[in-house]
Amino acid sequence: MISEFIEELGAIFILTWKTIVAVFNGEGEWREILRQMVRVGVESVPVVTLTTAFAGMVLALNSYIGFSRMGAGDYTGSVVGVALAKELIPVLTGIVIAGRVGAAITAEIGTMKVSEQIDALYTLNTDPVSYLVLPRFIASIFMLPVLTLYGDGIGNLGAYFVAVYVMKVNPIIYNQYLYMYLEPWDIFTGLIKAFSFGAIIAAVGCYKGLSTEGGAEGVGKATTSSVVISSITILIADFIWGKILPWTLRG
Amino acid sequence: MIEVRDLWKSFKGKQVLKGVDLFIKEGEIFVVIGRSGVGKSVLLKNMVGLMKPDKGKILYKGRDLTGASEAEWKDVRREFAVVFQHSALFDSMNVGENVAFGLKRMTNLEEGEIRERVKRCLSMVGLEGAENLRISELSGGMQKRVAIARAIALNPGVIFYDEPTTGLDPIMSANITNLIIKMNREIGSTSFIITHDLRLAFTAGTTIAMLHDGKIINVGEPDTIKKSSNPIVRKFVEGIPD
């Protein structure tokens, strides 16, 4: 079990390395990269909007309840802003995209694998890494930070709405503490994480697709496994980033 | 033209090919028959470089392809085309884009020339004007014909067919058989077919080989195979149950 996991991890790293080499060799087609950016980014906007808005609202609600018990309800904005930017929005966006886009990548490539379309690509002198993996990889690593930045905005709007209109926090004080304690590094930290989560989603999704075996059942198993592995790896990576990025420990 | 010498291949300890020897002459239609699961597709995939043999040699025009690098295979594949068992058409593209795929990637033809070539290839397989159809709109027989059009677009020296009539009704199966013969005559390509469809084998084949238990047990012209005294060949040809 453990040896299989390590073997799989190694294979994912090799695929990622091949993709990076293909990027530097100038392989990949711009039209396909843009098409994938639309799929990963634009088409994910509704689900990211809903997820991050409610995450911000719930966090603001519970933070206010906790802080007001200590008479510090006015500090809600500062804590919510930092928590959303550094942790919640990048991780939630990563997990949601793993479910939406990672699953779609695996299902699409997996279906191509079991229907011999990947073999057909080889016989037509087309490397699946540069043709299929590279555009999805580039789209994911660039669109995840964009979605996260967007999610930061929506999450904070949701938090502001609940804190100010539901919990009746003074809006001027809320904003004052938010801007006082939320540093640009907090947002940047979240974006670095999102960039890595994009790489994880694309690499795991593509690897699981390319290693799919069997028919429809195989595609189903590969898709499930892709979402589970991506989600767990995102959580592990989030913890590792928390440790190795010294500025994530600031404040 | 193509020579397979003592080819061995196993999967997870199971020996599938146990020393296959074949010689395919230029311009002929060479058919490998055999029961399901005897390794016909494995043999084909080894011959086109989609699998690496454990042992043995594959020679194309005297050039040893065993252990060839990916760059060498890319060079050879310009002369090879494969029609897959389930057509393997790219369902994210339309018919025209499927046929043009190899032309865009393996030739320096201009856009207009590619369009002309696609039109001509589709016309040769009886699908004039089908360029803009989606793959999901096509029947199984039409998909096979598009796959053949995609294969002939690059004027290959050899066309490999993996079970080209599987899943088709008898009339469509006969149409595909006739199309394979027509392509062989009109393009002058060598054809290599693996199938368990005896009607296809005996109608199209100029040479037939029977694969059984990982080895070629009988090779010859269709009449020789029909009259073979080998009990395994007789049983297969006459369709006698186990």
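Cut-offs and rules
Residues numbered from 1 in each chain as written. Chains lettered and ligands numbered in written order. Predicted model: local features only at pLDDT ≥ 70, side-chain atom pairs only at ≥ 80, totals over all residues. Heavy atoms only, no water. Helix = DSSP H or I, 4+ residues; strand = E, 2+ residues; numbered from the N terminus. Rg over C-alpha atoms; globule rule 2.2 N^0.38 Å. Contact = heavy atoms within 4.5 Å. Pairing = 2+ DSSP bridges. Buried < 20%, exposed > 50% of the residue type's maximum accessible area, 1.4 Å probe, protein only. Arc of directions from axis to C-beta. Polar contact = N/O pair within 3.5 Å; in protein donor to acceptor, adjacent residues only side chain to side chain.

## Observations concerning the overall build of chain B
Thinking step 1. Summing up its helical and strand segments, chain B has nine helices and 10 strands in all.
Thinking step 2. Taking 242 residues into account, the globule formula puts the C-alpha radius of gyration at 18 Å, and chain B, at 18 Å, falls close to it.
Thinking step 3. Principal-axis analysis of the C-alpha atoms places the extent of chain B at approximately 55 × 40 × 35 Å.
Thinking step 4. Contacts in chain B between residues at least 24 apart in sequence constitute 64% of all its contacts with a sequence separation of at least 6.

## Quick word on the sheet that holds strand β4 (residues 55–60) of chain B
All names here are of chain B.
Thinking step 1. If you trace the four strands from one edge of the open sheet to the other, you get β2-β1-β4-β5, paired in antiparallel fashion. A strand with exactly one partner marks an edge of an open sheet, and here the two such strands are β2 (14–24) and β5 (63–64).
Thinking step 2. Pairing analysis gives eight bridges linking strand β1 (residues 2–11) to β2, with the strands arranged antiparallel. When the sheet's bridge partners are listed, K9 is paired in β2 with L17.

## Quick look at helix α7 (residues 171–181) of chain A
Residue and element names in this part refer to chain A.
Thinking step 1. When α7 is considered as a whole, its buried residues turn out to be Y174, Y177 and L178. Relative to the axis of α7, the buried residues are bounded by an arc of 105° and lie together on one face. Turned more than 90 degrees from where α7 packs its buried face, I172 and Y179 sit exposed.
Thinking step 2. For α7, the N-terminal cap is N170; the gap from its side-chain oxygen to the backbone nitrogen of I172 is 2.8 Å.

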